[in-house]
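Descriptive structure summary
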Amino acid sequence: MRGILRALGLTWRAARKHTCTLVVLNLLSALVPVLTTWLTKLLIDVVAHERDGSVDRVVPLGAALAAAGVVGGLLPHSVQYATKEVERRVGLLAQQRLYEATGRFVGLGRLEDPVFLDRLRLAQQHGGATPGVVVSAVLSVVRAVVMALGFLGSLALLAWWLPVVIAVSVAPVLAVELWLAKRRAETHWRLGPTERREFFYRELLTNLQAAKEIRLFGIGGHLRDRMTSERRKINDGRARLDRRELLAQSLAGFATAGCAGLTVLWAAVAAAEGRISIGDVSLLIASVVGVQSAGAGMMRDIARSHHQLLMFRHFLAVVDSEPDLALHPSPASVPPLVRGIEFRDVWFRYSPEQPWALRGVSFTVHRGQVLGLVGRNGAGKSTVIKLLCRMYDVERGAILWDGVDIREMDPAQLRRRTGAVFQDFMKYDLTVSENIALGDLPGASPERITAASAEAGAHSFVTELPGRYDTLLSRIFFHGDDAQATRGVTLSGGQWQRLAIARAYLRGDRDLLILDEPSSGLDAEAEAEIHQGLTRYRQGRTSVLISHRLGSLRAADMLLVIEDGRVIERGSHEQLMAKAGRYSVMFEAQARGYRGEPAEVR
Ligand SMILES: Nc1ncnc2c1ncn2[C@@H]1O[C@H](COP(=O)(O)OP(=O)(O)OP(=O)(O)O)[C@@H](O)[C@H]1O
């Protein structure tokens with residue numbers, strides 16, 4: 001019920017005028033068939049009983065019947081148009097609400113929660129359409145009820161027991177359809193995971209990123225088999241439901257048709273005995289058919305809205321969900337960094353079920369210093385920088401920006417003071433200039449874009465692209481029709497990385513610069529060039545760098561060696577080398593590799 005009320009509320013806010021129009025049109029659609037049935041009965045009676053001088057009465061009745069026919073013919077189209085308009089407007093508002101809600105998730109936690117993600121996907125798929133469909137289904141049910149009452153009232157005028165018999169005869173159909181609606185919803189819910197798995201395999205088989213491995217490993221057939229097996233499970237589930245539907249609907253339909261047949265038989269006998277008129281027989285037949293079709297339509301709409309309401313629940317769950325990070329009611333402003341950033345005994349895990357990713361990490365990076373994070377895969381380096389950007393909140397301890405806990409600050413303001421190149425940076429299916437401009441919207445002038453691109457070493461290859469900075473970097477979108485489509489260009493991994501660096505450069509004078517493997521996709525010369533550029537750019541800024549190529553971190557003011565979520569060594573390159581600990585072992589191993597000496601196994 002709450003779902004229906006929320007859907008109605010949303011519809012009312014999105015399309016008041018059109019909803020009112022739809023209500024009126026639906027009521028008219030309910031009344032016109034009843035009116036037509038009565039006009040037909042009256043016309044038949046006049047023609048049958050008043051042979052002389054009946055023309056005066058026949059013409060107005062015939063004209064009224066014709067008018068009702070015209071209105072009845074036009075109404076479905078008008079209802080359809082108004083319904084679509086309501087659905088479009090509600091769909092737009094629902095989509096805005098959904099994405100406003102996702103905009104409230106300022107961290108990453110929600111987007112990593114599989115249960116929530118499942119909900120979000122269902123809400124995205126159905127949320128926009130659902131409220132409109134629910135409302136049009138509710139109105140269709142109202143229309144069917146009004147129409148059925150009109151016909152049942154007409155039958156009562158013939159004999160008091162007729163509406164009772166017909167209502168009872170329709171009851172099994174209603175009961176069966178309600179039961180089936182529940183079974184359909186159950187089946188849909190049960191098959192949900194199987195459908196999503198099948199979708200995953202379907203997508204994978206045509207995914208460009210996966211194509212290389214699928215071809216090289218020859219796993220296309222294996223994935224196709226898995227997809228087919230999931231499809232078979234879905235088909236089996238649906239076929240079972242269809243068989244139930246066939247049986248239940250046939251039994252209910254048999255009972256309904258039997259009752260209808262008996263009432264028609266009674267009418268025929270009564271008319272033969274002169275107890276009712278021929279017009280009454282036509283009224284009875286039309287009313288019985290009318291009640292039955294109204295009942296069937298109502299059930300169809302109930303089943304449709306039942307399913308949509310289930311989907312709407314997911315939409316509501318997303319729209320009503322709380323922000324993922326506890327936001328301070330009156331956040332402190334984030335002033336330019338003066339002293340530095342401190343991690344004070346930070347403990348963090350991605351969820352209570354998972355092990356600690358950071359265990360009591362403490363360090364201070366002073367303003368203008370460069371901090372290098374070193375460690376094996378999975379040690380916790382990227383977690384440090386995600387916490388620094390407040391993508392999550394720490395579980396214990398605190399992160400302080402000039403002594404103020406970042407949980408007391410507005411995350412958006414904090415991020416405005418930060419520039420970053422992430423390990424898994426984004427490749428936007430947009431033009432080159434848009435890819436760079438996203439680093440500092442609005443206000444990214446073409447001159448600034450070109451300057452950032454030149455600084456990141458991207459300008460030379462960009463000028464060779466067919467549309468230079470306007471070249472679309474996409475295989476998804478096309479400009480124009482198919483024949484003359486301006487095809488998107490695909491860049492190499494290193495070229496994309498340079499654009500990501502240009503995006504960070506465009507952010508200009510940010511206080512904190514985060515670079516997570518900024519040169520991993522670059523060739524050796526390019527890496528050296530990029531590092532020179534980054535060193536220039538970092539001047540006077542506080543930077544946090546992560547790299548597995550330890551040579552690129554040599555100049556850092558302080559290096560932290562992280563292992564299993566703990567800082568196990570700290571100091572400058574020289575200090576750590578002198579200490580002959582973990583860092584020096586890693587550094588020596590890499591250096592030997594560059595010098596071509598055999599690796600030492602420890
Ligand atoms: N989003 C996440 N959800 C759950 N666990 C995560 C998530 N991201 C990282 N982890 C886990 O946290 C630990 C630290 O990961 P992190 O990405 O910080 O390592 P890293 O040192 O940056 O590794 P790499 O050098 O491979 O990038 C790992 O055990 C990892 O499995």
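What you are looking at is a predicted structure, and each value in this text was computed from that prediction instead of being measured. (Residues numbered from 1 in each chain as written. Predicted model: local features only at pLDDT ≥ 70, side-chain atom pairs only at ≥ 80, totals over all residues.)

Quick reminder: α-helices carry 3.6 residues per turn. Residues three or four places apart thus point the same way. Taking 1.5 Å per residue, 13 residues should reach 18 Å; helix H4 (residues 114–126) reaches 18 Å between its end C-alpha atoms and fits that length. Among the residues of H4, Arg-119, Leu-120, Leu-122 and Ala-123 are the ones counted as buried. Along H4, the residues classed as buried sweep out an arc of 165° about the axis, all on the same side. Facing away from the buried side of H4 by over 90 degrees, the exposed positions are Pro-114 and Leu-117. (Helix = DSSP H or I, 4+ residues; strand = E, 2+ residues; numbered from the N terminus. Expected span 1.5 Å × (residues − 1). Buried ≥ 20, exposed ≤ 12 C-beta atoms within 10 Å, placed from the backbone. Arc of directions from axis to C-beta.)

The subject of this paragraph is the confidence of the model for the protein. Averaged over every residue, the pLDDT of the protein is 84; residues scoring 70 or more account for 93%. Looking at the elements of the protein, mean pLDDT is at its lowest for helix H16 (residues 524–538), recorded as 70, and at its highest for strand E1 (residues 340–348), recorded as 93. (pLDDT = per-residue confidence, 0-100.)

This brings us to the sheet that holds strand E4 (residues 396–401). Paired through their backbone hydrogen bonds, the strands of a sheet run either parallel or antiparallel. Here we have 4 strands laid out as an open sheet, ordered E2-E1-E4-E5, and antiparallel in their pairing. The open sheet has two free edges, formed respectively by strand E2 (358–366) and strand E5 (404–405), since each of these has just one partner strand. (Pairing = 2+ DSSP bridges.)

Positionally, Ser-154 belongs in helix H5 (residues 130–158). Sequence separation between Ser-154 and Leu-283 is 129 residues; the distance between their C-alpha atoms is 7.7 Å. Excluding anything up to four places from it in sequence, Ser-154 contacts Val-34, Thr-37, Trp-38, Leu-283 and Ser-287. (Contact = placed C-beta atoms within 7 Å.)

So, on to the site of the ligand. In the vicinity of the ligand lie 13 residues, with Tyr-350, Asn-377, Lys-381, Ser-382 and Thr-383 positioned nearest. Among the residues making up the shell around the ligand, the classes are represented as 3 nonpolar, 8 polar and 2 charged. (Near = placed C-beta within 6 Å. Nonpolar A, V, L, I, M, F, W, Y, C, P; charged D, E, K, R; others polar.)

Here we come to unusual backbone geometry. We note that Asp-564 has phi near 50°; this positive angle belongs to a residue other than glycine. Here Asp-564 shows up in the loop between strand E9 (558–563) and strand E10 (566–571). In the Ramachandran plot, Ala-580 falls in the positive-phi region, its phi being about 55° despite a non-glycine side chain. By the element assignment, Ala-580 lies in the loop between helix H17 (573–579) and helix H18 (582–595). A residue is classified by how many C-beta atoms lie within 10 Å of it, and Ala-580, with 10 of them, is exposed.

Further remarks concern the UniProt feature "transmembrane region" (unreviewed entry) in the protein. As recorded in UniProt, the sites labelled "transmembrane region" (unreviewed entry) are residues 20–39, 59–79, 129–152, 158–180 and 246–269. End C-alpha to end C-alpha, residues 129–152 measures 34 Å, and it is 96% helix and 0% strand. (UniProt positions renumbered as here; feature names shortened; annotations may be inferred.)

Turning our attention to the environment of Leu-559. Within the secondary structure layout, Leu-559 lies in strand E9. On the basis of neighbour counts, which here come to 23 C-beta atoms within 10 Å, the residue Leu-559 falls in the buried class. Taking the C-alpha atoms as reference points, Leu-559 and Phe-348, separated by 211 residues in sequence, lie 21 Å from one another. If we skip the residues at most four places from it in the chain, Leu-559 touches Gly-372, Val-374, Leu-553, Arg-570, Gly-571, Ser-572, His-573, Leu-576 and Tyr-583.

With that settled, the discussion passes to the packing of helix H6 (residues 161–205) against helix H8 (residues 220–272). Running from amino to carboxyl end, H6 crosses H8 at an angle of 175°, the nearest separation of the two axes being 9 Å. By the angle class used here, H6 and H8 are roughly antiparallel. (Axes fitted to C-alpha atoms, helices over the stretch in contact; angles between N-to-C directions. Parallel < 35°, antiparallel > 145°, perpendicular 65-115°, else oblique.)

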